[in-house]
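Reading the structure
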4 protein chains.
Amino acid sequence: MIKDKLYNWFKEGSLTIPSVLLTHYPKMGLDEKEVMLLLQLQNFIEKGENFPAPSQIADRMTFEESECLFMIQRLIQRGFVMIEEEVDRTIGDERYSLQPLYEKMITSYLVSQKQEEAVQVQVEGE
Amino acid sequence: MIKDKLYNWFKEGSLTIPSVLLTHYPKMGLDEKEVMLLLQLQNFIEKGENFPAPSQIADRMTFEESECLFMIQRLIQRGFVMIEEEVDRTIGDERYSLQPLYEKMITSYLVSQKQEEAVQVQVEGE
Amino acid sequence: MIKDKLYNWFKEGSLTIPSVLLTHYPKMGLDEKEVMLLLQLQNFIEKGENFPAPSQIADRMTFEESECLFMIQRLIQRGFVMIEEEVDRTIGDERYSLQPLYEKMITSYLVSQKQEEAVQVQVEGE
Amino acid sequence: MIKDKLYNWFKEGSLTIPSVLLTHYPKMGLDEKEVMLLLQLQNFIEKGENFPAPSQIADRMTFEESECLFMIQRLIQRGFVMIEEEVDRTIGDERYSLQPLYEKMITSYLVSQKQEEAVQVQVEGE
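Conventions adopted
Position labels on residues start from 1 in each chain and follow its written sequence. Following the order in which they are written, the chains are lettered starting with A and the ligands numbered starting with 1. Since the coordinates come from a predicted model, pLDDT governs what is reported: local features require at least 70, and pairs of side-chain atoms require 80 or more to be given and counted, while whole-chain, interface and lining totals use all residues. Hydrogens and water molecules were not included; the side-chain quantities draw on all heavy atoms of the structure. Note on conventions: DSSP H or I runs of at least 4 residues are helices, E runs of at least 2 residues are strands, and numbering of each starts at the N terminus. The quantity called the radius of gyration is restricted to C-alpha atoms. Its globule counterpart is 2.2 Å times the number of residues to the power 0.38. For every residue, the accessible area obtained with a 1.4 Å probe (protein chains only) is divided by the maximum for its type, and the residue is called buried under 20%, exposed over 50%, and partly exposed between those limits. Residue contacts are counted whenever heavy atoms from the two residues lie within 4.5 Å of one another. Once two parts are brought into contact, the accessible area they lose, counted with a 1.4 Å probe and summed over both, makes up the buried area. Salt bridge, as used here: a side-chain nitrogen of Lys or Arg that lies within 4 Å of a carboxyl oxygen of Asp or Glu. Definition of a polar contact: a pair of N or O atoms within 3.5 Å, with one able to donate and the other able to accept a hydrogen when the atoms are protein atoms, and with sequence-neighbouring residues admitted only if both atoms are side-chain atoms. C-alpha atoms of residues with pLDDT of at least 70 in both copies form the basis for the least-squares superposition of the copies.

Helix and strand counts for chain A stand at 6 helices and 3 strands. N-terminal to C-terminal, the α/β element order of chain A is α-β-α-α-α-α-β-β-α. Compactness check: chain A gives a C-alpha radius of gyration of 19 Å against a globular reference of 14 Å for 126 residues, more than 25% above the reference. Taken along its principal axes, the extent of the C-alpha atoms in chain A is 65 × 40 × 35 Å. When each of the 126 residues of chain A is scored for burial, the buried share is 45%.

Next comes the structure, spelled out in structure tokens:
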């Protein structure tokens, strides 16, 4: 039935990403594959799957599971992703956090704002 | 001033993308670089820049301008992007349209839904 | 520090609502106060607070707690909100679900689409 | 056809609103009817209709056109909405701007952050 199909589609939902991530990721040292992996993580987390397996992520990407795992490890080492312990559960569960990514994004944004201001002051001073 | 900085950040805005795009792009024949290019296009269009130059797009990606141009041409040939004429202006301007991308995405989603239903019917029939 | 303030702001997040809800709620029998209450519920749910107390909701609205409770009860009776049992927890927790709201919204959208088509067929037939 | 119906639905799009607007509008002196009117304006503007007539807005709300016009005028007087001249067109068009709303929202957010900090300092000092 059309109504069910529309509702199923609706339930899939959407992902809202800051425009600044799109304009700043190369300055932050990220490439397109890495950003897509980070968006996949965000999508999993927002749907309540806080610690997806590399195979689950790889199923939605063009990479093999092993490359996916390697990329996640690199993103953790380089300080874009963090693994947190979930404290509100009886069993010590783990979860990915993208807080470091967003903090780096804000830092990158503020740096570029400062540079623009400096340029403007220089131009006005000439 | 903090207020101005927060307002500038706020003005940058955000991009809302359907989760289905993230879960279906490999089935649609797209890779991560291409999806990121398409998201850049969407971001430009939503901010009123309907026909960004390859150099503008390349500035926000890890590619050279020439590779960016090549990728856009391939995306047009393969039916993910369309160039439309803007009719509401005096001068015949052009604009990118992502309508074909979203139509392919919906087709891909419906195909996978059908496959799931078929599997379920089979399982129930066994 | 400016970075922390921006990050705090960023963490507050956003709410994505279908445009169709804004264009259809009067046809669905809802008024502005009720839609705002429903958006508050959505906002709580998306932040992981699945069963906010009427006092918590009233704190963010111009109503008293008692009016807020009354409105929620009416929305449940009229089939816009549902209370579900959370099954994945040891204790039988309750949660609000807006599924009925979205189903009604889709029904309303499909009815209006059908009416438009009927009008078009009539116009073309004349 | 189901694909067309899904695509039509998809095209309707969505509206992204800052959570802070939902948690702060009463402090900003707004009530639910006014917030819904402002969301309607945002929705029109994002779809490229920068100066909708009161009758267009009233069609989507539970108010009469006259009440709608009155509310808009009040929102302008109280500094939540602004009318701007569009400069990039040959004819001097007008458009609504919600910039003052968002500036007030950020101010309200910063005030509440400051109050929370003050409370925390006091608590820690005791």
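Continuing now.
Let us look at the interface of chain C and chain D. Each side of the interface is counted separately: chain C has 36 residues, and chain D has 36 residues. At the boundary of chain C with chain D, total buried surface from both sides reaches about 3,100 Å², with 64% on carbon and sulfur atoms. Linking chain C with chain D are 2 salt bridges. Between Glu117 of chain C and Lys5 of chain D there is a salt bridge, and its shortest N-O distance comes to 3.2 Å. At the junction of chain C and chain D, the tally comes to 21 residue pairs in polar contact (both at pLDDT 80 or more). Among the elements of the structure, α1 (2-12), β1 (14-18), α2 (19-24), α3 (32-46) and α6 (99-125) of chain C are those that each provide at least two residues to the side of chain C that touches chain D. Looking at which element gives the most residues to the side of chain C that touches chain D, the answer is α3 of chain C, with 7 residues.

Our focus in this paragraph is the relation of the copies chain C and chain D. It takes a turn of 180° to lay chain C on chain D, together with a shift of 0.0 Å along the axis; the resulting RMSD is 0.0 Å. What the rotation and shift describe, once combined, is the action of a two-fold rotation axis. Proximity to the rotation axis, assessed at the C-alpha, singles out Thr16 of chain C in chain C; its C-alpha lies 2.1 Å from the axis. Same-surface contact between copies: 100% of interface residues of chain C are shared with the interface of chain D.

Right, let's talk about the environment of Leu39 of chain D for a bit. Tracing the backbone shows Leu39 of chain D in helix α3 (residues 32-46). Given a relative accessible area of 1%, Leu39 of chain D falls into the buried group. With 78 residues separating them along the chain, Leu39 of chain D and Glu117 of chain D place their C-alpha atoms 31 Å apart. In this structure Leu39 of chain D touches Leu22 and Leu39 of chain C together with Leu15, Ile17 and Leu21 of chain D, once residues within four positions along its chain are discounted.

Mapped onto the fold, Ser19 of chain C is located in helix α2. Ser19 of chain C gets classed as buried once you look at its relative accessible area, which sits at 2%. A polar contact of 3.3 Å, which involves the side chain of Ser19 of chain C, links it to the backbone oxygen of Glu12 of chain D. Once residues lying within four places of it in the same chain are set aside, the contact partners of Ser19 of chain C are Glu12, Gly13, Ser14, Leu15, Asn43 and Lys47 of chain D.

On to the pattern of salt bridges. Residues and elements named next belong to chain A. In total, this model carries 16 salt bridges over all chains according to the counting rule given. Between Lys33 and Glu67 there is a salt bridge whose closest N-O contact spans 3.9 Å. Of this pair, Lys33 sits in helix α3 (residues 32-46) while Glu67 sits in helix α5 (residues 65-77), and the two are 34 residues apart along the sequence. Owing to a relative accessible area of 32%, Lys33 belongs among the partly exposed residues under this scheme. Accessibility expressed as a relative area gives 33% for Glu67, which makes it partly exposed.

Residue and element names in this part refer to chain C. Locating Ala58 in the fold gives a position in helix α4 (residues 54-58). Sequence separation of Ala58 and Gln40 is 18 residues, and the distance between their C-alpha atoms is 9.6 Å. In contact with Ala58, not counting residues within four places along its chain, are Phe63, Glu64, Glu65 and Cys68.

Worth remembering: the numbers are spatial, not functional.
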